[in-house]
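For reference, the chains in residue letters:
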Amino acid sequence: MTEIYDIAVVGGGNAALCAAITAAKTGARVIILEGAPEPYRGGNSRHTRNFRCMHRGPMSPLTGTYEEEEYFHDLMLVTKGKTDEHLARLAIRTSEECLPWMQEHGVRFQPSLSGTLSLSRTNAFFLGGGKALVNAYYNTAADLGIEIVYQAQVRHVHRDGQRITHLEVQIAGAPATRIEARAFVLASGGFQADIDWLARAWGPSARNFLIRGTPYNRGVVLKDMLDQGADSVGDPTQCHAVAIDGRAPKYDGGIVTRLDCVPFSIVVNRDGQRFYDEGEDTWPKRYAIWGRLVAAQPDQVGYALIDAKSIDLFMPSVFPPIVADTIPELAAKLGLDPAAVAATVQQFNSACRPGPFHPTELDGLATEGLEIAKTNWARPLDTPPFYGYQLRPGVTFTYLGLKVSDSAQVHSPEGPITNLWAAGEIMAGSILGQGYLAGFGMTIGTVFGRIAGKEAAAHVA
Amino acid sequence: MSLDLAPALSATEEARRQIEICNACRYCEGFCSVFPAMTRNKAFADGDLTHLANLCHNCRGCHYACQYTPPHEFALNIPAALAEVRHESWERLARPQALSKLFQERGVAMAGLLTVALALFFWLIAAFRPAGGEGFYAYMAHNLMVAIFAPAFILPLALIALSLRDYWREVGGGRVRLRHLAQAGRMAGRMRNLDGGHGDGCNFEDGDRFSHRRRIAHQLVMWGFLASFAATSSGTVLHYVFDWPAPYPIWAPPKLFGVPGGIAMVIGTGWLVALKLRADPNLGARRVWGGEMAFVLLLGAVAATGLALWLATGTAAVAPLLAVHLATVMTLFLLMPFSKMVHGFFRFTALVAEAGKQEKG
């Protein structure tokens, strides 16, 4: 490829597409370099589901209001203050104007859903999920004349002082070629699919982690930029992980591998011992900590045990539970020591006390006298058949990223890199220093993708 | 290397495997009637799958939106899995069984039957040409037509009624209320299950892009067919109640319904054929592709020959055109229980059942 593009966008998920579309609408000549093959295009966006959106009044499909302060407060709760307030507020405030923009460019939302989802005030759900959103944006991009290349692995971003001159790109395994452009947007995600990198950062136990999303987020571009002295942000040793079904595929299991049974279970480790209060809070407020809890156990594995009373209290899992008529039999089927598990269950059962059980609220039905209490929903496991699920940490994303300004520009100690912007997971650590807020990843991607596209287009105009 | 000796899953087992994965995701809730029906269950009995399969209108929205389509190891293809179960249910519930699969799958068999019908009508017109009579009845006596077509119409309908009764039992349908019929009528009348939930239409002929083409083409055929049926019915009423036999002038109900209906059917079937040629056959039941295509062509032929017959009034072409038209109508009637024609009956029944199930929650 000898042509010179106005803007080369590295990556093919939500942030990359928002940047490319925004830039192309100004008339710029844009190329998208997506590392994945076409069926897997879209990075982790294809696994997402919703967009967290500020709104000062009802705004279809969102109900009520969700103001900046409440949104920011929710973010502070999960990040425990590890956020760049300026960038966070920018993302929150800009989210409101993003929703109509998304609809204009083909994204469709579910009408406020019936039933269990209580997020219709704060989060707009994509009809068909993230892959439908990705498809809509790719169609919009094609209609705008954006060139889209799949299996385009960017190996090197060539920096010459405070400018980027070109990319070295391997397309479908062919020898690397140069792609030249006048401005560049990096939106190629984090490094969570590179197990070696995870193992170096977290420790060898990371090899037992499952990766919930795309196998293509290997952080090649992120590492290349950090090696070239770009400013970084976020804890390089940390990743966000939730507890998922241990039988999930190593990569790309997505939403269906989640397990919502913990509050109604007792969870034991490899040695048949409980290790944390399963009923500490409702599951939407606790699912995110169980990845780390399980990761800290021997062999990075846990086992949730349930009895027949509770099996219908949570969303079905994609994998059927292991079933047995007695606890020792269940333990044996799960590969655990039957005697140890039976002792744990017996001890737990005798610590339960009678009282009203309310599965949908904190019912205060707690154990008495246990070293590790279960503080809500504590009912004895006494009604066969008994069910068991294996739990493993499922990594969602990594926190290490490129530090950007409020114009999404990438910086180095010598100052801004004049023709380089970043958006999406590759820079999300600036705002999400810890924890996760449902639907906020897509907000960051959309807001900063559009900013990056606008700024890059202004640079080449 | 080990040999994989696991037996292939049956259509119902494969659909169950896929729907259980689907039901743990639910991102597609909102596309169509299948998803709200699916989320009422945690486990899926065979009858539940039959119900979901007949609610599915093959809009394919869920397939293009799915994170788990091949090459993902979960290998979901919900439109194809449900199409297989759906066709299997029509074949299983049809009677006589021997005929059911033959015509669903094979356009050649349908063409064979048509040929036999053609021969029959050419012979009838040649051998039993009446002495008097006006219009068509100058070529074939009214009573002879009634004697042939009344049983050829009523018998297949009776067979379909028996199939639908079995279907109702299989899916656990409850008591039918007028409002259930009204809801099903609204869904079918506007083909809501092909509007994508967002109103942009379905995915069919152009990958993951949405369009209303298939929905409009289908409705042209459906409303055209119903108008043609109204034309025949009004003709019957005029004949017997008002003692006014054919031919009818252009302003009389048989023509007022029949001409636009026939034109809509010709346009709609031609459009559906063109769309089907562009659609991905792997997102439907592949084995019935030929039978479905033959059925659409047959419907188009019924309408086209009917219009041609009207335009040929008074010319020498009437005799052969009449034979051809009556042969296509005869084939269509006889094949109602064994061809894609039956989908209309099952889909509508499924929508009625779903209206009732929604109330029960």
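Residues numbered from 1 in each chain as written. Chains lettered and ligands numbered in written order. Predicted model: local features only at pLDDT ≥ 70, side-chain atom pairs only at ≥ 80, totals over all residues.

1. With respect to the overall build of chain A
Here is step 1: The number of helices and strands found in chain A is 10 helices and 18 strands.
Here is step 2: In terms of its C-alpha atoms, chain A occupies a principal-axis envelope of roughly 75 × 50 × 35 Å.
Here is step 3: By residue count, 53% of the 461 residues in chain A fall in the buried class.
Here is step 4: Here the analysis covers contacts within chain A between residues at least 6 apart in sequence; of these, 74% occur between residues at least 24 apart. (Helix = DSSP H or I, 4+ residues; strand = E, 2+ residues; numbered from the N terminus. Buried ≥ 20, exposed ≤ 12 C-beta atoms within 10 Å, placed from the backbone. Contact = placed C-beta atoms within 7 Å.)

2. Points about helix α9 (residues 338-351) of chain A
Residue and element names in this part refer to chain A.
Here is step 1: Spanning 14 residues, α9 covers 20 Å between terminal C-alpha atoms, matching the ideal 20 Å at 1.5 Å per step.
Here is step 2: Taken residue by residue, α9 has V341, T344, V345 and F348 as its buried positions. One side of α9 holds all its buried residues, which, seen down the axis, span an arc of 95°.
Here is step 3: Residues of α9 that are buried make contact with β12 (266-269), β13 (302-307) and α8 (327-333). (Expected span 1.5 Å × (residues − 1). Arc of directions from axis to C-beta.)

3. Considerations on the interface of chain A and chain B
Here is step 1: Listed per partner, the contact involves 25 residues of chain A and 24 residues of chain B.
Here is step 2: Across the side of chain A that touches chain B, the residue classes tally to 11 nonpolar, 8 polar and 6 charged. (Nonpolar A, V, L, I, M, F, W, Y, C, P; charged D, E, K, R; others polar.)

4. Thoughts on the pairing of strand β7 (residues 163-171) of chain A
Residues and elements named next belong to chain A.
Here is step 1: Pairing geometry for strand β6 (residues 152-160) and β7, over 8 bridges, is antiparallel. Bridge assignment links H158 to a residue of β7, and that residue is H166.
Here is step 2: Here β6 folds back onto β7 in antiparallel fashion, the turn holding 2 residues, of which G161 has a positive phi close to 65°.
Here is step 3: In the sheet, β7 pairs with strand β8 (residues 177-186) via 4 bridges, with the strands oriented antiparallel. For E168, the partnering residue across the bridge sits in β8 and is R178.
Here is step 4: Connecting β7 to the next strand, β8, in antiparallel fashion are 5 residues, including A172 with a positive phi near 50°. (Pairing = 2+ DSSP bridges.)

5. Here's the deal with the domain arrangement of chain B
Residues and elements named next belong to chain B.
Here is step 1: According to the domain assignment, chain B consists of domain 1 (11-90) and domain 2 (99-360).
Here is step 2: Computed from C-alpha atoms alone, the centre-to-centre distance between domain 1 and domain 2 is 28 Å.
Here is step 3: At the level of secondary structure, the elements contributing two or more residues to the side of domain 1 that touches domain 2 comprise α3 (46-55), α4 (61-65) and α5 (78-93).
Here is step 4: Looking at the side of domain 1 that touches domain 2 element by element, the count peaks at 6 residues for α5.
Here is step 5: Grouping the constituent residues of the side of domain 1 that touches domain 2 by class yields 10 nonpolar, 12 polar and 2 charged. (Domains from an automatic or database assignment.)

6. Focus on the confidence of the model for chain B
Residues and elements named next belong to chain B.
Here is step 1: Residues with a pLDDT of 70 or more make up 98% of chain B, whose mean pLDDT is 92.
Here is step 2: When pLDDT is averaged over each helix and strand of chain B, the minimum, 80, is found for helix α6 (residues 97-105) and the maximum, 98, for α4.
Here is step 3: The ipTM value of the predicted complex is 0.92, and its pTM value is 0.94. (pLDDT = per-residue confidence, 0-100.)

7. Re helix α4 (residues 130-143) of chain A
Here is step 1: The end-to-end C-alpha separation of α4 of chain A is 20 Å, in line with the 20 Å expected for 14 residues at 1.5 Å each.
Here is step 2: A large share of α4 of chain A lies buried, amounting to 10 of its 14 residues.
Here is step 3: Among all positions in α4 of chain A, only G130, K131, A132, L133, V134, N135, A136, Y137, Y138 and A141 of chain A are buried.
Here is step 4: In this structure, the buried residues of α4 of chain A make contact with α1 (14-24), β2 (30-33) and β5 (147-149) of chain A together with α4 of chain B.
Here is step 5: Residue G145 of chain A follows α4 of chain A closely and has a positive phi angle near 80°.

8. Some remarks on the pairing of β13 of chain A
Residues and elements named next belong to chain A.
Here is step 1: Most of β13 is tucked away: 6 of the 6 residues are buried.
Here is step 2: Here β13 shows a buried face lined by G302, A304 and I306 and a second buried face lined by Y303, L305 and D307.
Here is step 3: With 4 bridges joining them, β12 and β13 adopt antiparallel strand pairing. By the bridge assignment, V267 is partnered in β13 with A304.
Here is step 4: Taken together, the 6 bridges between β13 and strand β15 (residues 386-398) define a ladder with antiparallel strand orientation. Paired with A304 across the two strands is Y389, which belongs to β15.

9. Some details on unusual backbone geometry
Among all residues save glycine, negative phi is the norm, and among peptide bonds the norm is trans.
Here is step 1: Going from P384 of chain A to P385 of chain A, the amide bond is cis rather than trans, its omega being -5°.
Here is step 2: For P385 of chain A, the location among the structural elements is in the loop between α9 and β15.
Here is step 3: For the peptide bond that leads from P70 of chain B to P71 of chain B, omega is 10°, which places it in the cis range.
Here is step 4: If you trace the backbone, P71 of chain B turns up in the loop between α4 and α5.
Here is step 5: The residue Q151 of chain A is not glycine, and still its phi comes out positive at about 50°.
Here is step 6: Relative to the helices and strands, Q151 of chain A is located in the loop between β5 and β6.

10. Let's talk about the domain arrangement of chain A
Residues and elements named next belong to chain A.
Here is step 1: Domain boundaries assigned for chain A yield domain 1 (4-208 + 218-227 + 399-460) and domain 2 (243-394).
Here is step 2: When each unit is reduced to the centre of its C-alpha atoms, the spacing between domain 1 and domain 2 is 35 Å.
Here is step 3: Each side of the interface is counted separately: domain 1 has 6 residues, and domain 2 has 8 residues.
Here is step 4: The residue makeup of the side of domain 1 that touches domain 2, split by class, is 2 nonpolar, 4 polar and no charged.

11. Some details on the environment of V324 of chain B
All names here are of chain B.
Here is step 1: Residue position: V324 is located in helix α13 (residues 318-335).
Here is step 2: The exposure class of V324 is buried, given the 22 C-beta atoms found within 10 Å.
Here is step 3: Placed 210 residues apart in sequence, V324 and L114 show a C-alpha to C-alpha distance of 9.1 Å.
Here is step 4: Apart from the residues within four sequence positions on either side, V324 is in contact with L118 and T305.

12. Considering the nonpolar core
Here is step 1: With 238 residues, the main nonpolar core has I7, V9, A20, V185 and A422 of chain A as its most contacted residues.
Here is step 2: A per-element tally of this core places α13 of chain B first, with 12 residues.
Here is step 3: Look past the residues within four positions of A20 of chain A in its chain and what remains in contact with it is V9, V30, I32, A141, I146 and G453 of chain A. (Core = buried A, V, L, I, M, F, W, Y, C linked by C-beta atoms within 7 Å.)

13. With respect to the packing of α3 of chain B against α5 of chain B
Packed helix pairs are characterised by how far apart their axes lie and by the angle those axes make with each other.
All names here are of chain B.
Here is step 1: As a packed pair, α3 and α5 sit with axes 8 Å apart at the nearest point and diverge in direction by 105°. One element, α3, and the other, α5, form an angle in the roughly perpendicular class. For the pair α3 and α5, the contacting residues are L49, T50, L52, A53 and N54 in the first and L82, V85, R86 and S89 in the second.
Here is step 2: Here the contact of α3 with α5 is built from residues that sort into 5 nonpolar, 3 polar and 1 charged. (Axes fitted to C-alpha atoms, helices over the stretch in contact; angles between N-to-C directions. Parallel < 35°, antiparallel > 145°, perpendicular 65-115°, else oblique.)

14. Regarding the environment of T305 of chain B
All names here are of chain B.
Here is step 1: Turning to its location among the elements, T305 is positioned in helix α12 (residues 289-311).
Here is step 2: Accessibility expressed as a C-beta count within 10 Å gives 22 for T305, which makes it buried.
Here is step 3: Among residues more than four places away in sequence, those in contact with T305 are L321, V324, H325 and T328.

15. What about the packing of helix α8 (residues 142-171) of chain B against α13 of chain B?
Residue and element names in this part refer to chain B.
Here is step 1: Contact geometry for α8 and α13: axes closest at 8 Å, N-to-C directions at 25°. Comparing the axis directions of α8 and α13 gives the class roughly parallel. Our pair here, α8 against α13, has a crossing hand that is left-handed. Contact with α8, carried on its side by A152, F153 and P156, involves M330, F333 and L334 of α13 and no other residues of that element.
Here is step 2: Per-class residue counts for the contact of α8 with α13 are 6 nonpolar, no polar and no charged. (Left-handed = near helix turned anticlockwise from the far one by under 90°.)

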